[in-house]
Amino acid sequence: MTAFFHYTLAGLSNGSLYVLVALGVVLIYRSTRILNFAHGDMATLGTFFAFTLLSFNLPFYAAVALSLLFGSVLAMIFYFLILVPAQRREATLLGQITLTVGLGMIFQGAATSIWGSEPQVIGFPLSDTKTWTVGPLVLDELSAGALGAGILGSFLFYLLVHKTSLGLAMRAISENLPAAQTLGIPTRKVLALSWGLAASLGVLAGLFLAPALFLDPFFMLEPFLKGFAGAILGGLNSLPGAILGGLVIGLAESLTAGYVSLELKNTMAFLLIIVVLLIKPEGLLGKVFKERV
Amino acid sequence: MDLVRSYHEELRLIEKPWKGVWIGLLLAGMILLPWLGDDHLIYATTLICIYAIGVQGQNILIGYTGQISLGQAGFVAIGAFSFGHLSRAGVPLLLAVLGAGIMAGLFGILVGFPSLRLKGPYLAIATLGFGIAVYQILTAYELLSGGRMGMVVRKLPPVCGLSREVSTYYFVFIMGLGFTLLSYNIVSSYLGRAFIAIRDNDVAAEAMGVSLTHYKLLSFGISSFYTGIQGALYGLFIGFLDPQMFTFFESLTLFIAVIIGGLASVEGSILGAAFVIVVPQAISESKGMVPVIFGITVMIIMIFEPLGLAGRWRKIRLYFRNWPFR
């Protein structure tokens, strides 16, 4: 039974980071109907930026804040310089998705050429060897930090979306873009902020994942795919769905690794979403989308 | 410009005598290539022929049927490893290649089932998951992938007094030519029209009597069959297989080859395949820049020329035909 609690705890801790990635994906999908395939690579670049700052002996919290800012500025530049002109030329949905694929490749190549493809160790103040024992449970500092970051990030994000006027504008845009424009909401600015916010959520997840996975230009690929899978699982247009989906993916992979086989843990997460999508194509908490000719 | 007077003319592959001359010259050049070019050129052209088959298959799925698939490396891997096992078991070459294609095609139909309920982004992620799953299962089970050191595949024996490279080149070239003709025939038949109808509006297509189940699965099957053949030929050409060859990046390469070449265009698929082979060869000193160049090209194409290289080519031709008017 203790083993079960352990796997659950580890799953929730990883899952909370997937939640951060999933929230970013859902935020962008809800407001612009674009599936952002560059999300993971934006996070990679942001994490590498933090790594460079730390190697200049900058204090840790300043480095974190600057790298979050760096990630969001990159995303906003992409939005204004690439996406807006493409939308002016009436790019199709496939075209816009392809643009993010292209952006991801550029970021990946840039990270490889600047920092090399050798795995690096990031100087992180939380270690995964220092542990606390609470009753029968053993919790290491890093997973506790990840869990905390996940919960805090999601909570702040919830406050932003539901309690501020910026959040209200975001919800209005995701509901009906032309109506929001008519009401005088500066949609371009709000959308750019959404892109920036999504990217910084990704960077936050990347910072907590880097110590456990080692930092190389491809380290975000799997967490990104899992976050993505979580977003799809919960329903791409639902923010609570992203939280639920991310946690379920984290739990599923941890329990599979513990009880079935370590090799199958990644495969299991994808089999799970394919099965869920076949039964409920709009995701667990997503809204049904009806189409007319 | 091109006035089509009858259905027979519409179906013709070579519309004008001059086009026939150009195609004839190109084919003659390809046949004489072993005497004209050096080893490096033969190597690159062989790879282009192999990739052109897979990209055409991918284009049938993405460009003509409009189903986004990002897991194509999975099918390449299935084709390659099926071919490896079959040729190890002593199956004759052509049968082994066909078997690899059929195996990938069957898996394609299996992956196609979600496509009946999933659309756009959801389908992209389901296929992407499939591609990753195939890669991970191959790395985890050495029985399938031939062990930690990879799988050695018997290469094509030299025939007719030609060197091994040249005979492989001819074999691959003939396969590529055959599959190109097949693609042209698919896209101008009832099958291809049904695919296009599904792409443009699936609900309307169904109302017009196109069975979505039937044709979506068929599209997945055909496209993966092509990709499986690509995998088999790749194995035959390299002579060695390793799961590391079929990562997510490989899926992305095939995807952007379709985009760069031009959606819904057979010639475009060949151009796209040539692009993704030639660029890494041309800048082999700085490997890290390859994804950057791919990414920038994809962005430029998507913003300025959504029809890809094939669309640009069509516009250039039109410009010169109408010159000095515009």
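Values in this document were obtained by computation on a predicted structure and should not be read as measured data.

**A word on the overall build of chain B**
Thought 1: A count of helical and extended segments in chain B gives 15 helices and two strands.
Thought 2: In terms of overall size, chain B behaves like a compact globule, its C-alpha atoms giving a radius of gyration of 20 Å where 326 residues would be expected to give roughly 20 Å.
Thought 3: Buried residues in chain B amount to 48% of all 326 residues.
Thought 4: Within chain B, contacts between residues at least 6 apart in sequence are counted, and of these 78% link residues at least 24 apart.

**Some points on the overall build of chain A**
Thought 1: Of the regular secondary structure elements, chain A holds eleven helices and two strands.
Thought 2: The N-to-C order of helical and strand elements in chain A reads α-α-α-α-β-β-α-α-α-α-α-α-α.
Thought 3: For a compact globule of 293 residues, the expected C-alpha radius of gyration is about 19 Å, and chain A comes in at 19 Å, within 12% of that figure.
Thought 4: Principal-axis analysis of the C-alpha atoms gives chain A an extent of 60 × 50 × 35 Å.
Thought 5: Among the 293 residues that make up chain A, the fraction classed as buried is 48%.
Thought 6: In chain A, 73% of the contacts between residues at least 6 apart in sequence involve partners at least 24 apart.

**Points about the interface of chain B and chain A**
Thought 1: The partner chain A presents 38 residues to the 37 residues of chain B that form the contact.
Thought 2: Of all the secondary-structure elements, those providing two or more residues to the side of chain B that touches chain A are α6 (120-140), α10 (202-207), α12 (248-261) and α14 (289-304) of chain B.
Thought 3: The class makeup of the residues in the side of chain B that touches chain A is 30 nonpolar, six polar and one charged.

**Focus: unusual backbone geometry**
Thought 1: Of note in this structure, N57(A) is not a glycine but carries a positive phi near 65°.
Thought 2: Along the chain, N57(A) falls in the loop between α2 (39-55) and α3 (60-88).
Thought 3: If you check the backbone angles, A264(B) has positive phi at about 55° while not being a glycine.
Thought 4: For A264(B), the position within the fold is in the loop between α12 and α13 (266-282).
Thought 5: The buried category is assigned to A264(B), around which 23 C-beta atoms lie within 10 Å.

**Some points on helix α4 (residues 72-88) of chain B**
Note on helix geometry: an α-helix contains 3.6 residues per turn, so any two residues three or four positions apart are oriented the same way.
Residue and element names in this part refer to chain B.
Thought 1: In this model, α4 (17 residues) spans 24 Å end to end at C-alpha, consistent with the 24 Å of a helix rising 1.5 Å per residue.
Thought 2: Along α4, 15 of the 17 residues are buried, which leaves the element largely enclosed by surrounding structure.
Thought 3: Within two residues after α4, G90 carries a phi angle of roughly 90°, on the positive side.

**Comments concerning the environment of V64(A)**
All names here are of chain A.
Thought 1: Within the secondary structure, V64 is located in helix α3.
Thought 2: For V64, a count of 18 C-beta atoms within 10 Å translates into the label partly exposed.
Thought 3: In this structure, V64 is in contact with A50 and L207, ignoring residues within four places of it in sequence.

**Examining the packing of helix α8 (residues 164-187) of chain B against helix α11 (residues 212-238) of chain B**
Think of two packed helices as two axes; the pair is described by the angle between the axes and how far apart they sit.
Residue and element names in this part refer to chain B.
Thought 1: Between α8 and α11, the shortest axis-to-axis distance is 11 Å and the interhelical angle comes to 175°. Compared by their axis directions, α8 and α11 come out roughly antiparallel. Contacts between α8 and α11 pair T168, V172, M175, F179 and I186 from the former with I222, Y226, L233, L236 and F237 from the latter.
Thought 2: Here the contact of α8 with α11 is composed, by residue class, of nine nonpolar, one polar and no charged.

**As for the confidence of the model for chain A**
Thought 1: Taken as a whole, chain A shows an average pLDDT of 83; of its residues, 94% reach a score of 70 or greater.
Thought 2: The weakest mean pLDDT in chain A belongs to strand β1 (residues 131-134) of chain A at 70; the strongest belongs to helix α7 (residues 177-182) of chain A at 89.

**Considering helix α4 (residues 93-115) of chain A**
Thought 1: Along its 23 residues, α4(A) runs 33 Å from first to last C-alpha, staying within 8% of the 33 Å computed at 1.5 Å per residue.
Thought 2: A positive backbone phi angle near 80° is found at G116(A), which sits one or two residues after α4(A).

**Quick look at the packing of helix α1 (residues 2-32) of chain A against helix α10 (residues 239-259) of chain A**
Residue and element names in this part refer to chain A.
Thought 1: Across the interface, α1 lies against α10 with an axial gap of 6 Å and an inter-helix angle of 140°. The crossing of α1 and α10 is right-handed.
Thought 2: In terms of residue class, the contact of α1 with α10 is made up of 16 nonpolar, nine polar and one charged.

**Some thoughts on the environment of N176(A)**
All names here are of chain A.
Thought 1: Within the secondary structure, N176 is located in the loop between α6 (165-175) and α7.
Thought 2: N176 sits in the exposed class, given 11 other C-beta atoms within 10 Å.
Thought 3: Once the C-alpha coordinates of N176 and S31 are considered, the two residues, 145 residues apart in sequence, prove to be 9.2 Å apart.

**Overview of the confidence of the model for chain B**
Thought 1: Per-chain confidence: chain B averages 84 in pLDDT, with 98% of residues scoring 70 or above.
Thought 2: For chain B, the element scoring lowest by mean pLDDT is helix α1 (residues 7-11) of chain B, at 72; α11(B) scores highest, at 91.

**Some points on the environment of A232(B)**
Residue and element names in this part refer to chain B.
Thought 1: Relative to the helices and strands, A232 resides in helix α11.
Thought 2: Separated by 126 residues in sequence, A232 and L106 have C-alpha atoms that sit 15 Å apart.
Thought 3: Each residue touching A232, except ones within four places of it in the same chain, is listed here: G79, A80, F83, V97, A100 and G101.

Reading guide: rules and limits
Residues numbered from 1 in each chain as written. Chains lettered and ligands numbered in written order. Predicted model: local features only at pLDDT ≥ 70, side-chain atom pairs only at ≥ 80, totals over all residues. Helix = DSSP H or I, 4+ residues; strand = E, 2+ residues; numbered from the N terminus. Rg over C-alpha atoms; globule rule 2.2 N^0.38 Å. Buried ≥ 20, exposed ≤ 12 C-beta atoms within 10 Å, placed from the backbone. Contact = placed C-beta atoms within 7 Å. Nonpolar A, V, L, I, M, F, W, Y, C, P; charged D, E, K, R; others polar. Expected span 1.5 Å × (residues − 1). Axes fitted to C-alpha atoms, helices over the stretch in contact; angles between N-to-C directions. Parallel < 35°, antiparallel > 145°, perpendicular 65-115°, else oblique. pLDDT = per-residue confidence, 0-100. Left-handed = near helix turned anticlockwise from the far one by under 90°.

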